[in-house]
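Breakdown of the fold
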Amino acid sequence: MLFSKVFIPTLREDPHSAECKSHTLLLRGGFLSMISSGIYAYLPLGVRVLNKISNVIRTHMNSKEASELLMTVLQPLEMWEKTGRIKDMEEVMLRVRDRKDRDLCLGPTHEEEITEIAKKYIASYKQLPVVLYQIQTKFRDETRPRYGLVRSCEFIMKDAYSFDRDQEGLAANYEKMLDAYQNIFSDCGLDFITVEADSGVMGGSVSHEFLVPAEIGEDILYYCQSCQKYFREDAPCPQCQGATTQNRMIEVGHIFQLGTKYSEAQGAYFLDNDGVRKPVIMGCYGIGVSRLLSAVVEQNFDEKGIVWPHRIAPFMVSVVVVGIENEELLAAATELIRRLESAGIEVLLDDRDHPAGVKFKDAYLLGIPYIAIFGKKYLETKKIEIEVRKTSQKIALGSDECIEFLKNHIDAYQKL
Ligand SMILES: [Zn+2]
């Protein structure tokens with residue numbers, strides 16, 4: 001695709017509103033646009049990354065036989081009265097009344113709505129187990145939105161819900177989700193940890209959190225070097241009494257064994273094979289999809305800009321032609337792009353009539369994993385210079401070798 005057509009409004013300077021590295025780089029790279037505090041629009045490059053992340057999530061959720069649905073943004077408050085969470089969620093819930101005098105809210109989460117759906121359609125043990133998930137926008141009236149997509153009022157979440165006959169079924173689905181989550185965060189290129197957590201306002205017993213070490217994290221854990229474990233409590237290590245170090249973390253996922261809290265409150269019962277009506281046993285599993293963009297950038301940048309992990313990069317190769325008016329260079333670049341695209345590799349060609357310095361600055365800022373350069377060297381030697389964004393490794397190759405090099409590198413990464 002052409003840089004000039006994608007719409008990539010990069011900024012030369014750090015925006016004044018930016019509060020941390022990921023926020024700065026996502027705004028500067030033209031991935032995001034701040035509409036108001038805590039409210040962001042995703043520009044085309046941001047959408048490409050969001051779609052890549054969503055597809056990673058879909059692949060792993062579908063592999064566990066979870067099925068995608070899409071629930072509503074507007075939710076009737078009656079559902080929330082049944083579970084009593086209208087009080088717990090009071091502060092963050094944005095309420096509205098429509099012209100028919102219906103009391104509604106913009107969904108801050110969807111346990112109540114999914115339970116209404118389960119109640120309506122699940123009647124027999126023969127329909128269980130089932131796992132449903134969605135990728136959708138939610139709203140929370142945050143008093144202090146911060147750090148761009150890390151804590152925003154409007155955000156995209158993947159939330160999944162499991163429905164089982166018994167505790168063993170729930171435990172099995174919970175294990176599957178735990179496994180899917182590890183794969184999802186690994187594929188997104190994150191260095192993350194999994195810890196047992198507090199169920200809090202969701203209720204239930206067993207719960208795990210997925211946390212990404214980052215300077216701006218709002219969760220704090222303490223690490224013991226000798227036990228190689230994280231703990232919630234400050235002071236000596238509870239296992240060896242040794243010293244611990246403080247680590248800030250961004251929460252990117254949280255899973256809960258809910259049990260029957262919602263099904264009992266909302267009357268979601270099924271008929272078991274022993275003829276007894278029982279409440280459906282539930283689990284819920286959340287990932288902050290938009291927050292992942294920020295978390296990934298917090299862990300993957302250098303002084304020049306973002307360094308996207310392969311699987312979620314907006315494009316795989318950025319082609320920079322130094323002197324776009326040179327017909328020989330443009331023809332060679334176009335031919336390389338044609339061959340790469342037919343091999344399924346996504347390429348961005350910087351077709352702007354800008355000085356080379358500007359093009360390179362933007363190529364680094366955008367963080368596309370490989371940069372292919374057509375310039376003086378190509379005219380003299382017919383070799384394309386490839387720069388690996390992450391390592392700054394530079395290598396000059398003929399066009400066949402260049403395609404081999406990129407294919408091999410990308411394949412090797414996919415196998416990781
Ligand atoms: Zn220890």
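Residues numbered from 1 in each chain as written. Predicted model: local features only at pLDDT ≥ 70, side-chain atom pairs only at ≥ 80, totals over all residues.

**Notes on the overall build of the protein**
Secondary structure assignment for the protein yields 13 helices and 23 strands. Oriented by its inertia axes, the alpha-carbon framework of the protein measures out at about 80 × 60 × 45 Å. Here the protein, with 416 residues, has 41% of them falling under the buried criterion. Taking the contacts inside the protein whose residues are at least 6 apart along the sequence as the reference set, 68% of them involve residues at least 24 apart. (Helix = DSSP H or I, 4+ residues; strand = E, 2+ residues; numbered from the N terminus. Buried ≥ 20, exposed ≤ 12 C-beta atoms within 10 Å, placed from the backbone. Contact = placed C-beta atoms within 7 Å.)

**Considerations on the packing of helix α10 (residues 327–342) against helix α13 (residues 399–415)**
Helices that pack against each other are described as a pair by the angle of their axes relative to one another and the distance between those axes. Orientation of α10 relative to α13, taken along the N-to-C sense of each, is 35°, at an axis distance of 11 Å. The chirality of how α10 crosses α13 is right-handed. Contacts between α10 and α13 involve L336, R339 and L340 from the former and S399, C402, I403 and L406 from the latter. (Axes fitted to C-alpha atoms, helices over the stretch in contact; angles between N-to-C directions. Left-handed = near helix turned anticlockwise from the far one by under 90°.)

**Notes on the domain arrangement of the protein**
Taken as a whole, the protein is organised into domain 1 (3–302) and domain 2 (315–415). Spacing between the C-alpha centres of domain 1 and domain 2 amounts to 37 Å. The interface is formed by seven residues belonging to domain 1 together with eight residues belonging to domain 2. When residues in the side of domain 1 that touches domain 2 are grouped by element, the largest group, three residues, is from helix α1 (residues 3–6). Class assignment of the residues belonging to the side of domain 1 that touches domain 2 gives a composition of three nonpolar, three polar and one charged. (Domains from an automatic or database assignment. Nonpolar A, V, L, I, M, F, W, Y, C, P; charged D, E, K, R; others polar.)

**Details of unusual backbone geometry**
Backbone phi values are negative for most residues with the exception of glycine, while trans is the configuration of most peptide bonds. Residue L128 is joined to P129 through a cis peptide bond whose omega torsion reads 0°. Residue A235 is not a glycine yet carries a positive backbone phi of 105°. The backbone of K382 sits at a positive phi, close to 60°, despite the residue not being glycine. Relative to the elements of secondary structure, K382 occurs in the loop between α12 (376–381) and β22 (384–388).

**Describing the pairing of strand β16 (residues 281–288)**
In terms of burial, β16 is largely enclosed, as eight of its eight residues are buried. Of the two faces of β16, both are covered, the one formed by I281, G283, Y285 and I287 as well as the one formed by M282, C284, G286 and G288. Where strand β8 (residues 154–164) meets β16, eight bridges bridge the pair, whose relative direction is antiparallel. Bridge pairing in β16 places F163 opposite M282. (Pairing = 2+ DSSP bridges.)

**Structural notes on the sheet that holds strand β20 (residues 347–350)**
Spatial ordering of the open sheet is given by β20-β19-β21-β22-β23, a layout of five strands whose pairing is mixed. Of all the strands in the sheet, the pair left with one neighbour each is β20 and β23 (394–397). Adjacent strand axes in the sheet meet at a mean angle of 25° when their direction is disregarded. The strands that helix α11 (residues 356–366) touches are β19 (317–321), β20 and β21 (370–374); relative to β19, the one it contacts most, it runs at about 175°.

**Notes on the nonpolar core**
V317, V319, I368 and A372 are the most contacted members of the largest nonpolar core, which totals 100 residues. When we break this core down by domain, the ones giving at least three residues each are domain 1 (3–302) and domain 2 (315–415). If we skip the residues at most four places from it in the chain, V317 touches L340, I345, V347, I368, Y370, A372 and L406. (Core = buried A, V, L, I, M, F, W, Y, C linked by C-beta atoms within 7 Å.)

**Comments concerning the environment of Q246**
Take Q246: it is sitting in strand β13 (residues 245–259). Residues Q246 and R232 lie 14 residues apart in sequence; the distance between their C-alpha atoms is 9.7 Å.

**Some remarks on the sheet that holds strand β6 (residues 103–106)**
Taken in spatial order, the three strands line up as β4-β6-β5 in an open sheet, and their pairing is antiparallel. The outermost strands of the open sheet, each flanked by one partner alone, are β4 (74–76) and β5 (94–97). Across the sheet, the mean angle separating the axes of adjacent strands is 40° when strand polarity is ignored.

**Details of helix α2 (residues 21–28)**
Because each turn of an α-helix spans 3.6 residues, side chains separated by three or four positions end up pointing in the same direction. Buried residues dominate α2, accounting for eight of its eight residues. For α2, every residue scored as buried is listed here: K21, S22, H23, T24, L25, L26, L27 and R28. Buried positions along α2 lie against β1 (32–36), α9 (289–299), β17 (301–302), β18 (305–306) and α11. Two residues or fewer past α2, G30 is found with a positive phi of approximately 75°.

**Side note on the environment of M34**
With respect to the helices and strands, the residue M34 is situated in strand β1. Sequence separation between M34 and H16 is 18 residues; the distance between their C-alpha atoms is 12 Å. Residues in contact with M34, not counting those within four places in the same chain, are S17, L27 and Y40.

**Some details on the packing of α2 against α9**
It is at 8 Å that the axes of α2 and α9 come closest, and there the two elements cross at 105°. As far as their axial angle goes, α9 and α2 are roughly perpendicular. Mapping the contact onto sequence places K21, S22, L25 and L26 in α2 and L293, S294, V297 and E298 in α9. Grouping the constituent residues of the contact of α2 with α9 by class yields four nonpolar, two polar and two charged. (Parallel < 35°, antiparallel > 145°, perpendicular 65-115°, else oblique.)

**Describing the environment of E401**
Residue position: E401 is located in helix α13. In this structure, the C-alpha to C-alpha distance between E401 and K383, residues 18 residues apart in sequence, is 9.5 Å.

**Thoughts on the pairing of strand β2 (residues 39–42)**
Here β1 runs beside β2; their pairing, made up of four bridges, is antiparallel. Following the sheet pairing, L32 is matched in β2 by Y42. Between the end of β1 and the start of β2, which pair antiparallel, lie two residues, with G38 showing a positive phi angle near 80°.

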